[in-house]
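Each chain, letter by letter, is given below.
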Amino acid sequence: MNKKTVLILLVGIIILSAVLRLWQLSVVPPSPDWDEASLGYNAYSILHTGKDEYGKFLPVLLRSFDDYKPALYAYTVIPSIAIFGLTLFAVRLPSAIFGIITVFLVFILVKELFKKDSLALLSSFLLAISPWHIQFSRVAFETNLGLFLNILGALLFIKAFKKPYFLIFSAFVFALNLYAYQSEKVFTPLFVIALCIIFFKPLLKLPKKTLATSIIVGIIVSLPIVLYIATDKSALSRAAGVSIFNEQSDASRKNALRLLQDKNTNNILGEILDNRRVYFAKKIAGNYLSHWNLDWLFITGDIGRHHAPGMGIIYLWDLPFILIGISGLLFGKEDKKTKWLIFSWFLLAPVPASITTGVPHAVRTLNFLPTFQIFSAIGIINVFKFLKQKKKIIFYTSFGLILAFVIFNFIYYLNQYFVQYNYFSSQDWQYGYKQAVLIAQKNENKYQNIIVSNAGDMDQSYIFFLFYLKYPPALFQKEEQENLSQGNFINRKFGKYEFRPINWQVDQNLHNTLFIGNPDEIPDANSSQLIRNLDGSATIKIVEN
């Protein structure tokens, strides 16, 4: 394949990836979830004041909903908001751009590792149309930034054996990734260790000055987040909240009860099997293996925000090619270091999620990509070579049937995502806040108070009002400090807006007040308005009093 053909095909793949990630970006999914709204407003706040919503100057972590999420993605949103304003498009645009660039980086990485244009093009094409990658390239999820940085870091690492100074940039990128997403705090160090072990001998041949500089750069860049984690427990509050080691989790409580029962009944075998160390070892192993559940990968996915309805996170037609590709790479004649790299990547990807609840989890394991695409590409090429050896009628019939199924599955995905997704998943995306804010904003001058529920499905509702109202960050920071000084750590208040659970038996006596709450919090009244999800179900009720 000549260079011109490769370039034309690569440009076509990049254009396709851009269309799939940018088209109707602010429309599908139908609304921001609370994390997107939080990232957007905090980026807006930093842009205008240099501080996050809590008044923290240039934060390393965003306190947000007391989950202290890494702040790097918020900083990447700032230029987008400066250009397009505080909009959903602006918040999601960086993720889409990272997704498009990742497709290009995969081409370069695979070509560098395998020295095959066809395999590199096919791998990047499969990532371009990947439901898993498209899903998280179209939303402001920090995991997509983490994936981009891991692939970029790996590419720079490999490039360093031809141009040693690339190792310094690789160290910078990998260290920077610790600020991207919680899972990267586990995956990235393990991945770097694996790279260093696999390429240990070539690394030693690099100039000592380059090695020393790379280590120093990595330490300097990662030091702030490492010190933060070591000195402030809140830095890992989100990780602790979803950890299987959390003693408040259902699984931990049930195990404690079983162990107590074993002791009361003198069940020695039970005491051994239900011992905390044995229990957690079994739990981690089970969680780890759950990420190769074929039903999850190819049929059902997990929660609605993580996949198109009616399908998994990988195309069904990919399955046989992935299996053939794994076998082909394992027993093929590829360079041993390349094999070790791909399989290490593949096996390390579920490690961060294996110590958390709610598994298998598509967000925490996005680092599986692009290994599935590489396996599938190898499998497709091997099948094509096998069929080419057969009679023409067998080749063309088989090729036609496979191509028809691939096209059908791809068209089905496009329909499920771009046509059906909003209808089936609007509730998962906390739909309705934009409409509620517009109503409140339009009628704001009519009322002395506007009370918005923060209970049940409307938890953290304040962030959506800050986001859509584009509430002045400096003013909110001042009001938030007053709230915190008065001990209001859950219920918030700014301007006319108060965010707390609605108790209608008491609150119905408040006059000159607009209530915005869950449908079951407020009884029907002549003056009530219902905001509905796209499937017709009620999501928010607004009542004038």
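All of the points below concern the structure found in this document. (Residues numbered from 1 in each chain as written. Predicted model: local features only at pLDDT ≥ 70, side-chain atom pairs only at ≥ 80, totals over all residues. Heavy atoms only, no water.)

Let's talk about helix α24 (residues 473-485)
Given a rise of 1.5 Å per residue, 13 residues ought to cover 18 Å, and the 18 Å separating the end C-alpha atoms of α24 matches this to within 8%. Those residues of α24 that fall on the buried side of the exposure criterion are Pro473, Phe476, Gln477, Glu479, Glu480, Asn483 and Leu484. Contact partners of the buried residues in α24: α2 (34-49), α23 (462-469) and β4 (492-494). (Helix = DSSP H or I, 4+ residues; strand = E, 2+ residues; numbered from the N terminus. Expected span 1.5 Å × (residues − 1). Buried < 20%, exposed > 50% of the residue type's maximum accessible area, 1.4 Å probe, protein only. Contact = heavy atoms within 4.5 Å.)

A short note on the pairing of strand β3 (residues 449-452)
Bridge count between β3 and strand β6 (residues 513-517): four bridges; the pairing is parallel. Residue Asn449 lies in a different strand from β6, and its bridge partner there is Thr513. Here three bridges tie β3 to strand β5 (residues 497-499), and the two strands are oriented parallel to one another. Opposite Ile451, over in β5, you have Glu498 as the bridge partner. (Pairing = 2+ DSSP bridges.)

Observations regarding the sheet that holds strand β8 (residues 538-544)
Taken in spatial order, the six strands line up as β4-β5-β3-β6-β8-β7 in an open sheet, and their pairing is mixed. Either end of the sheet is taken by a strand with one partner, and the two such strands are β4 and β7 (529-532). Between one strand axis and the next, the sheet turns by 15° as a mean value, whatever way the strands run. Along the sheet, α23 makes contact with β3, β4, β5 and β6, crossing β4 at roughly 20°. (Axes fitted to C-alpha atoms, helices over the stretch in contact; angles between N-to-C directions.)

Notes on the nonpolar core
The nonpolar side chains of a soluble globular protein tend to be buried with one another. Of all hydrophobic cores here, the largest spans 147 residues; its most connected members are Phe114, Trp132, Tyr462, Phe465, Phe494, Tyr497 and Ile516. Considering every element that reaches this core, the biggest residue donor is helix α4 (residues 88-114), with eleven residues. Contact partners of Phe465, with chain neighbours within four places excluded, come to Tyr433, Val437, Ala440, Val452, Lys470, Phe494, Tyr497, Phe499 and Ile516. (Core = buried A, V, L, I, M, F, W, Y, C linked by side-chain atoms within 4.5 Å.)

Some points on unusual backbone geometry
Note the cis peptide between Val28 and Pro29, where omega equals -5°. You can see Pro29 is positioned in the loop between α1 (3-22) and α2. With omega at -5°, the peptide bond leading from Val359 into Pro360 counts as cis. Unlike most non-glycine residues, Asp66 shows phi in positive territory, near 65°. With respect to the element layout, Asp66 can be found in the loop between β1 (61-62) and β2 (69-70). One non-glycine residue, Lys470, lies in the positive phi region at around 50°. Within the element layout of this structure, Lys470 appears in the loop between α23 and α24.

Considerations on the pattern of salt bridges
Applying the stated rule across the entire model yields twelve salt bridges. We note a salt bridge from Asp66 to Arg63, for which the minimum N-O separation is 2.6 Å. Overlapping salt bridges bring together Asp35, Asp67 and Lys69 as one network. (Salt bridge = Lys/Arg side-chain N within 4 Å of Asp/Glu carboxyl O.)

Details of the side chain of Lys185
Along the chain, Lys185 falls in helix α9 (residues 184-198). One buried charged residue, Lys185, remains without a salt bridge, the closest side chain of opposite sign being Glu142 at 8.8 Å. Here the side chain of Lys185 touches Gln182 through a polar contact of 2.8 Å, side chain to side chain. For Lys185, the residues in contact, after removing those within four places along its chain, are Pro70, Leu178, Ile225, Ile229 and Leu236. (Lys, Arg positive; Asp, Glu negative; His and termini not counted. Polar contact = N/O pair within 3.5 Å; in protein donor to acceptor, adjacent residues only side chain to side chain.)

A short note on the packing of α1 against helix α5 (residues 117-128)
Where α1 contacts α5, the axes come no closer than 9 Å and their chain directions differ by 10°. Considering their axes alone, α1 and α5 lie roughly parallel with respect to each other. Within the contact between the two elements, α1 uses Val6, Leu9, Leu10, Ile13, Leu16, Ser17, Leu20 and Arg21 and α5 uses Asp117, Leu121, Ser124, Phe125, Leu127 and Ala128. The residue inventory of the contact of α1 with α5, partitioned by class, reads ten nonpolar, two polar and two charged. (Parallel < 35°, antiparallel > 145°, perpendicular 65-115°, else oblique. Nonpolar A, V, L, I, M, F, W, Y, C, P; charged D, E, K, R; others polar.)

Quick word on helix α22 (residues 433-442)
Taken as a whole, α22 has its buried residues at Tyr433, Ala436, Val437, Ile439 and Ala440. The arc that holds the buried residues of α22, viewed along the axis, is 160°, so those residues lie on one side. Those residues of α22 hidden inside the fold are in contact with β3, α23, β5, β6, β7 and β8. (Arc of directions from axis to C-beta.)

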